[in-house]
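The chain contents come next:
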Amino acid sequence: MESDNYRENSLDWLGLAGARVLIAGVGGIGGACAKAFDKVGAKLAVSDISVSGMAHLCDDLSSSVVQIEADATQPESANAIISEAIEALGGLDVFVHAIGINLRKPVLEFNPDQWRRIQSINLDSAFYLCQEAGRVMTANRYGRIVIVSSVSGLLAHSDHAPYAATKGAINQMMKVMAREWAPMGVTVNAIAPGYVETELTKDYLDSGGHREELSSLVPAGRLGTPEEMAGPVLFLSSAQCSFVTGHVLYVDGGRTLV
Ligand SMILES: NC(=O)c1ccc[n+]([C@@H]2O[C@H](COP(=O)([O-])OP(=O)(O)OC[C@H]3O[C@@H](n4cnc5c(N)ncnc54)[C@H](O)[C@@H]3O)[C@@H](O)[C@H]2O)c1
């Protein structure tokens with residue numbers, strides 16, 4: 001059908017063919033972004049702590065995708081990830097951060113190790129990787145950085161304290177980076193998904209009627225899909241977004257309206 005073809009090709013106008021793109025964290029959402037970038041002809045490098053996850057994803061992508069195995073929580077590994085991607089791609093136009101974990105329980109039940117682990121994986125990795133990407137992009141006077149935040153950076157969901165803290169911090173960190181790097185042609189934005197079914201959320205959604213309960217809170221009447229996160233990420237990664245920076249784009253079916 002013509003309308004299906006239109007939807008199928010509708011990302012072509014973004015002009016990302018040949019763009020040199022690194023995605024850190026290629027689980028459900030990062031993986032869907034990788035497939036979308038690959039489809040529009042970007043040159044792609046992906047990085048994740050999970051070798052098997054990356055390999056599985058890359059079976060569906062063009063053979064030239066570069067895979068970088070790394071734990072992104074340390075400054076030296078962030079430096080190595082960015083260097084390796086630049087060497088493989090010949091430069092870096094776009095960086096997407098889609099690494100994250102969550103642990104859902106009341107504030108009073110968290111111990112310091114659990115708090116620290118969530119800060120380290122969600123926030124430290126975002127700071128170190130964006131800092132290294134920004135270093136290169138500001139020198140080149142062009143770049144697009146997109147960080148996957150969450151509606152939890154705005155709403156006070158119970159049982160989400162450490163996770164929400166990292167997402168609120170990411171939003172503010174992103175805005176400062178956007179302000180500092182705007183004069184050098186580098187934009188920094190975030191998308192804030194509502195609930196999307198991935199490894200991060202699957203067990204929770206499968207238990208205790210959470211899928212139905214959470215869907216009922218969304219004006220669109222359903223949860224989002226990883227593929228629905230990719231279009232907004234590609235839009236913010238494109239040259240079409242040259243005057244959009246420091247923005248949190250809610251991709252949530254209206255969840256934050258109610
Ligand atoms: N799924 C949702 O409902 C939802 C909603 C809002 C925001 N988000 C955010 O989207 C992002 C992606 O989440 P997802 O739903 O795709 O989850 P996911 O679990 O499918 O993917 C997360 C990826 O991060 C990788 N990772 C974890 N620790 C790492 C480390 N130390 N170094 C490198 N990689 C590491 C994992 O191996 C995995 O591939 C996260 O930032 C998450 O907070 C997800």
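To keep things clear, this report deals only with the structure shown in the data block. This one's a predicted model, so the numbers in the text were calculated from it and none came from an experiment.

This brings us to the packing of aromatic side chains. Throughout the structure, instances matching the rule amount to 3 aromatic pairs. Between the aromatic rings of W13 and F235, the centroid separation amounts to 6.4 Å while the plane-to-plane angle is 40°, which identifies the pairing as tilted. Of this pair, W13 sits in the loop between α1 (2–8) and β1 (20–24) while F235 sits in helix α9 (residues 226–237); the two residues are 222 residues apart in sequence, bridging distant segments of the chain. Owing to a relative accessible area of 32%, F235 belongs among the partly exposed residues under this scheme. Between Y195 and Y204 the ring centres are 6.1 Å apart and the planes differ by 25°, which places this aromatic pair in the stacked class. On the accessibility criterion, Y195 (17% relative accessible area) is buried. In this arrangement the basic side chain of R104 is found over the ring face of Y204, its NZ or CZ atom lying 4.5 Å from the centre. Sitting over the face of the ring of F110, K105 holds its NZ or CZ atom 5.4 Å from the ring centroid.

This part takes up the side chain of D38. Checked against the element boundaries, D38 lands in helix α2 (residues 28–39). Lacking a salt bridge, the buried D38 has K35 as its closest oppositely charged neighbour, with an N-O distance of 9.7 Å. Polar contacts involving the side chain of D38 include one to the side chain of S62, which spans 2.8 Å. Those residues in contact with D38 that sit more than four places away from it in its chain are L44, D60, L61, S62 and V65.

Further remarks concern the layout of surface pockets. A volume near 360 Å³ is recorded for the second largest pocket. Mapped onto the lining of the second largest pocket, the elements with two or more residues apiece are α8 (210–216) and α9. The element best represented in the lining of the second largest pocket is α8, accounting for 3 residues. For the lining of the second largest pocket, the class distribution of residues is 10 nonpolar, 7 polar and 6 charged.

Taken together, 28 residues sit near the ligand, with G28, D48, Y163, V196 and T198 positioned nearest. Note that an oxygen atom of the ligand is positioned 3.3 Å from one of the backbone N or O atoms of G27. Y163 places a side-chain nitrogen or oxygen 2.6 Å from an oxygen atom of the ligand. Burial of the ligand by the surrounding chains reaches 91%, relative to a free accessible area of 830 Å². Of all the secondary structure elements, the ones that give two or more residues to the shell around the ligand are α2 and α6 (161–181).

The topology assignment puts K43 in strand β2 (residues 43–48). For the pair K43 and V66, spaced 23 residues apart in the sequence, the C-alpha separation amounts to 8.9 Å. Beyond its immediate chain neighbours, meaning those up to four positions away, K43 contacts G18, A19, R20, V21 and L89. At 3.1 Å, the side chain of K43 and the backbone oxygen of L89 are in polar contact.

Okay, the sheet that holds strand β3 (residues 66–69) next. Pairing within the open sheet is parallel, and its 7 strands lie in the order β3-β2-β1-β4-β5-β6-β7. Here the strands that pair on one side only, and so sit at the sheet edges, are β3 and β7 (248–251). Within the sheet, the average angular offset between the axes of one strand and its neighbour, ignoring direction, is 20°. Where strand β4 (residues 94–97) meets strand β5 (residues 143–148), 4 bridges bridge the pair, whose relative direction is parallel. Bridged to V94 within β5 is R144. Across the sheet, α6 is in contact with β5, β6 (186–193) and β7; its angle to β6 comes to roughly 160°.

Each value, and the rule that gives it
- Chains are numbered independently. Their residues run from 1 in the order of the written sequence.
- A pLDDT threshold of at least 70 governs which residues receive local features in this predicted model, and a stricter bar of 80 or more applies before side-chain atom pairs are shown or counted, although totals over entire chains, interfaces and linings include all residues.
- By convention in this description, side-chain values take in all heavy atoms of the structure and omit both hydrogens and water.
- Ring pairs are drawn from Phe, Tyr and Trp, using the six-membered ring of Trp, whenever the two centres fall within 6.5 Å, and their geometry is named by plane angle: stacked under 30 degrees, edge-to-face over 60, tilted for the rest.
- Secondary structure elements follow DSSP: runs of H or I of four or more residues count as helices, runs of E of two or more count as strands, with numbering from the N terminus.
- Under the scheme applied here, a residue whose accessible area is under 20% of the maximum for its type counts as buried, over 50% as exposed, and between as partly exposed, the area being computed with a 1.4 Å probe on protein chains only.
- Note on geometry: a ring has a charge over it if NZ (lysine) or CZ (arginine) is within 6 Å of the ring centre and within 35 degrees of the ring normal.
- Counted as positive: Lys and Arg. Counted as negative: Asp and Glu, with His and the chain ends omitted from the count.
- By salt bridge we mean one thing: a side-chain nitrogen of Lys or Arg within 4 Å of a carboxyl oxygen of Asp or Glu.
- Whenever two N or O atoms come within 3.5 Å, that pair is a polar contact, provided that in protein one can donate a hydrogen and the other can accept it, and provided that, for residues adjacent in sequence, both atoms are side-chain atoms.
- Any two residues having at least one pair of non-hydrogen atoms within 4.5 Å are treated as being in contact.
- A cavity here means a set of 1 Å grid points, computed over protein atoms only, where a 1.4 Å probe fits but cannot escape. A pocket is an open set with protein on both sides within 12 Å along at least 5 of 7 lines, and lining residues have an atom within 4 Å of a point.
- Grid points are joined across faces, edges and corners, and a volume is the space filled by probe spheres set on the points.
- The nonpolar class holds Ala, Val, Leu, Ile, Met, Phe, Trp, Tyr, Cys and Pro. Asp, Glu, Lys and Arg form the charged class, and all remaining residues, Gly among them, are polar.
- Any residue with a heavy atom lying within 4 Å of a molecule or strand is counted as near it.
- Methods summary: accessible areas were calculated by the Shrake-Rupley approach with a probe of 1.4 Å, and residue burial reflects only the protein chains presented.
- At least two DSSP bridges between two strands are needed for those strands to be called paired.
- Lines are fitted to the C-alpha atoms to define the axes, a helix being fitted only along its stretch in contact, and any angle between axes, read from their N-to-C directions, falls within 0 to 180 degrees.

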